[in-house]
Amino acid sequence: ETTQAPHAHRTLYAIVAGIPEHKIRVISPDIGGGFGNKVGIYPGYVCAVVGSIVTGKPVKWVEDRSENLMSTSFARDYLMHGEVAATPEGKILAVRTTVLADHGAFNATAQPTKYPAGFFHIFTGSYDLEAAHCKVTGVYTNKAPGGVAYACSFRVTEAVYLIERMVDILALKLDMDPAEIRLKNFIKPEQFPYANKTGWEYDSGEYERAMRMAMDMAGYDELRREQAEKRERGELMGIGVTFFTETVGAGPRKHMDIVGLGMADGAELRVHPTGKAVVRLSVQSQGQGHETTFAQIVAEEIGIPPEDIEVVHGDTDNTPFGLGTYGSRSTPVSGGAVAMVTRKVRDKARLIAAAMLETRPEDLEWEKGRFFVKGDPTQGKTIAEIAMGAHGTVTLPEGVDGNLDAEVTYDPPNLTFPFGAYICVVDIDPGTGVVKVRRFVAVDDCGTRINPMIIEGQVHGGLTDGVGMALMEIIDFDEDGNCLGGSFMNYLIPTAMEVPDWETGHTVTPSPHHPIGAKGIGESATVGSPSAVVNAVVDALAPYGVVHIDMPCTPSRVWEAMQGRHVPTAGI
């Protein structure tokens, strides 16, 4: 089954079908992209289960691409009205929003039970405010069931889009530079942990450092000079600035569950007698490189080379229980679980090493991959030697069983809050309204960085996603209710031809409560990039008096806005 949450699916099938979990096995292989769309349980899944029970035969549910585009859960169908209170000098005092959220025929979003609008109430963004108010009204329509799509991070994408568009419009009204007004209002490093006005506690951040790095990488002042020169020649160049703070890594379980299942994750680690290891995860990989990342966490904590560590996931019979992969929770939650279970194995290894070296555990020191006697580094045992001893004939201390393994369930004390500064440069053809993304600078902070290459891949993919959202992707309907986005001929997605060479940078602000300081990166670029692109498009259209344009900024919409005929998206 191509699911992002194998264990959650198995439990729900057991509840629906009355079949005990041990008689249900969910195997989720390499599923390709998920982006949140493969978290929930679709009606077809349940129908297949019921069909198999009734007929006593195997039943497979299959859909083609058009059926998927027309019936899969959608995202971003929010009609948002925002208000900002600010001083004439640009100090933002308060924000308020009223939202209509289209849930489709029924709300199919697999998100924490207590948060029917997801994490949208982080719409206060990265700014130090005095007050905020958020009202979201869910409505039901005859569209496909609503849900999570395009890595929207439990509606954080919508929240960031709202606040970043509002800040840009405020800058326009006050005749201030968009970057300057953001720098003026950022939460300062010494204010963390920061309690925002809607109930979140941000863990850590150095926002100004990231913003100035992005401006330096982009050559921001020079870009503004270039823009002024081009405007004098009648050319349309836009510069879009966005800064976002994301909230990821759901649980903690005391606050967050899905249909009553607490959002904690399990991990199991076993070191074989030869020193090789296997780590079993409760999250499901879908291209993020879990096999590499989690092996690296184990390697860093206990000293076994990553190539000697097998990572097992996606099979409910061979992995511990957990709520799966979505909301950028793999590293913040399961990554924490893997670090903690490895430390538990290392603590056990210390006791066994002490028995092998005939000394006290407290008389041992640790260096990566090895315990040795304090004051005598020549007297030591490697993890491989300790593993063999644990499975051998060494007399173990009282209370220590054989083998070298452990399991944990990690319940995170708080979410994590990655952030980033993005600058987008676009050129618009005044005759056709076609938008060309010429440059895109992205500076991300995901806390401790485990594998830079994997992070880079996640960011590149998310930025491409964001360009698609901002410029071309929409599920539309005709007056008879027929879906007009039923194929890739009319539901357009970006390719390498539509995006620039990404310019990426990073800062590192570890999370103080995470075992290794990691915050997560999977959805950051998707969260931050749409508003950067739209801000750039609106900035390019400033000579036409355009203040806002709804995304996607298709050529026809851009051209209509240039003619003064922009019509807001009909939406619900």
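Residues numbered from 1 in each chain as written. Predicted model: local features only at pLDDT ≥ 70, side-chain atom pairs only at ≥ 80, totals over all residues. Heavy atoms only, no water.

Looking at the assigned domains, one finds that the protein contains domain 1 (6-30 + 38-71), domain 2 (74-181 + 207-248 + 415-563) and domain 3 (263-410). Once you take the C-alpha centre of each, domain 1 and domain 3 turn out to be 34 Å apart. Listed per partner, the contact involves 12 residues of domain 1 and 13 residues of domain 3. For the interface between domain 1 and domain 3, the tally reads 3 salt bridges. Looking at the side of domain 1 that touches domain 3 residue by residue, the class counts come to 7 nonpolar, 3 polar and 2 charged. (Domains from an automatic or database assignment. Contact = heavy atoms within 4.5 Å. Salt bridge = Lys/Arg side-chain N within 4 Å of Asp/Glu carboxyl O. Nonpolar A, V, L, I, M, F, W, Y, C, P; charged D, E, K, R; others polar.)

Evaluation of the coordinates by the stated rule reveals 32 salt bridges. Residue Asp177 is joined to Arg224 by a salt bridge in which the shortest nitrogen-to-oxygen separation is 3.6 Å. Of this pair, Asp177 sits in the loop between helix H4 (156-173) and helix H5 (178-185) while Arg224 sits in helix H7 (residues 220-232), and the two are 47 residues apart along the sequence. The buried category is assigned to Arg224, whose relative accessible area is 18%. Here Arg233 ties to Glu235 by a salt bridge, and the two come within 2.9 Å at their closest N and O atoms. One salt-bridge network, in which partners are shared between bridges, spans Glu226, Lys230, Arg233, Glu235, Asp427 and Arg438. (Helix = DSSP H or I, 4+ residues; strand = E, 2+ residues; numbered from the N terminus. Buried < 20%, exposed > 50% of the residue type's maximum accessible area, 1.4 Å probe, protein only.)

Here we come to unusual backbone geometry. Look at the link from Phe192 to Pro193: it is a cis peptide, with omega at -5°. The step from Ala250 to Gly251 runs through a cis peptide bond, and the omega angle for that step is 10°. One non-glycine residue with positive phi stands out, namely Arg155, at about 75°. Positionally, Arg155 belongs in the loop between strand S3 (131-139) and H4. With phi around 55°, Glu358 is a residue other than glycine that occupies positive phi space. For Glu358, the location among the structural elements is in the loop between helix H9 (330-357) and strand S12 (364-367).

One finds Ile423 and Leu471 to be the most contacted residues of the largest nonpolar core, which totals 102 residues. With 10 residues, the top contributor of residues to this core is H4. Counting contributing residues per domain, this core is built from domain 2 (74-181 + 207-248 + 415-563) and domain 3 (263-410), each supplying no fewer than three. Once residues lying within four places of it in the same chain are set aside, the contact partners of Leu471 are Val435, Val437, Val533, Val537, Pro552, Cys553 and Thr554. One finds Leu269, Ala295, Ile302 and Ala353 within the second-largest nonpolar core, a separate group that totals 40 residues. (Core = buried A, V, L, I, M, F, W, Y, C linked by side-chain atoms within 4.5 Å.)

With that out of the way, let us pick up H7. Its 13 residues place the ends of H7 19 Å apart at the C-alpha level, agreeing with the 18 Å of an ideal helix rising 1.5 Å per residue. As for H7, its buried residues are in contact with H5, helix H6 (207-218), strand S6 (236-245), strand S16 (419-428), strand S17 (435-445) and helix H12 (524-540). In the segment just after H7, Gly234 is the residue with positive phi, at about 85°. (Expected span 1.5 Å × (residues − 1).)

All told, the structure shown has 2 cavities of 30 Å³ or more when counted by the stated rule. One number sums up the size of the second largest cavity: a volume of about 30 Å³. Along its surface, the second largest cavity is lined by Pro6, His7, Leu281, Ser282, Val283, Gln284, Gly314, Asp315 and Thr319. Taken together, the residues of the lining of the second largest cavity sort by class into 3 nonpolar, 5 polar and 1 charged. (1 Å grid on protein atoms, 1.4 Å probe; cavity = no way out; pocket = protein on both sides within 12 Å on 5 of 7 lines; lining within 4 Å. Points joined across faces, edges and corners; volume = space filled by probe spheres on them.)

To continue, consider the pairing of strand S9 (residues 265-271). When you tally the buried positions in S9, you get 5 out of 7 residues, the bulk of the element. Here S9 runs beside strand S15 (residues 404-410); their pairing, made up of 7 bridges, is antiparallel. Each residue of the ladder has a partner; that of Ala267, found in S15, is Val408. Across 5 bridges, the pairing between S9 and strand S10 (residues 277-281) is antiparallel. Across the sheet, the residue bridging to Ala267 is Leu281, located in S10. Once S9 ends, the chain turns through 5 residues before running back antiparallel as S10, passing Gly275 with a positive phi of about 95°. (Pairing = 2+ DSSP bridges.)

One can find Arg329 in the loop between strand S11 (309-312) and H9. Exposure remark for Arg329: the relative accessible area of 1% places this residue in the buried category. For Arg329, the contacting residues outside a window of four places in its chain are Gly249, Ala250, Gly251, Met263, Ala264, Asp265, Val283, Leu323, Gly324 and Ser334. There is a polar contact of 2.7 Å between the side chain of Arg329 and the backbone oxygen of Gly324. (Polar contact = N/O pair within 3.5 Å; in protein donor to acceptor, adjacent residues only side chain to side chain.)

Moving on to the packing of helix H11 (residues 452-471) against H12. Geometry of a packed helix pair, given as the angle between the helix axes and the separation of the axes. For the pair H11 and H12, the least separation of the axes is 7 Å and the interaxial angle reads 45°. One element, H11, and the other, H12, form an angle in the oblique class. As H11 runs across H12, the sense of the crossing is right-handed. Between H11 and H12, the residues in contact are Val459, Gly462, Leu463, Asp465, Gly466, Val467, Met469, Ala470 and Leu471 and Ala525, Thr526, Ser529, Pro530, Val533, Val534 and Val537, respectively. A breakdown of the residues in the contact of H11 with H12 according to their chemical character gives 11 nonpolar, 4 polar and 1 charged. (Axes fitted to C-alpha atoms, helices over the stretch in contact; angles between N-to-C directions. Parallel < 35°, antiparallel > 145°, perpendicular 65-115°, else oblique. Left-handed = near helix turned anticlockwise from the far one by under 90°.)

Let's shift gears to the sheet that holds strand S2 (residues 92-102). Strands sit in the order S1-S2-S3 across an open sheet of 3 strands; the sheet is mixed. The strands lining the two open edges of the sheet, one partner per strand, are strand S1 (78-86) and S3. Sheet twist, expressed as the mean angle between neighbouring strand axes with direction ignored, is 5°. The sheet contact formed by S2 and S3 spans 9 bridges and is parallel. Across the sheet, residue Ala94 finds its bridge partner in S3, namely Ala131. Against the sheet, H4 contacts S1 and S2, and its axis sits at roughly 45° relative to S1.

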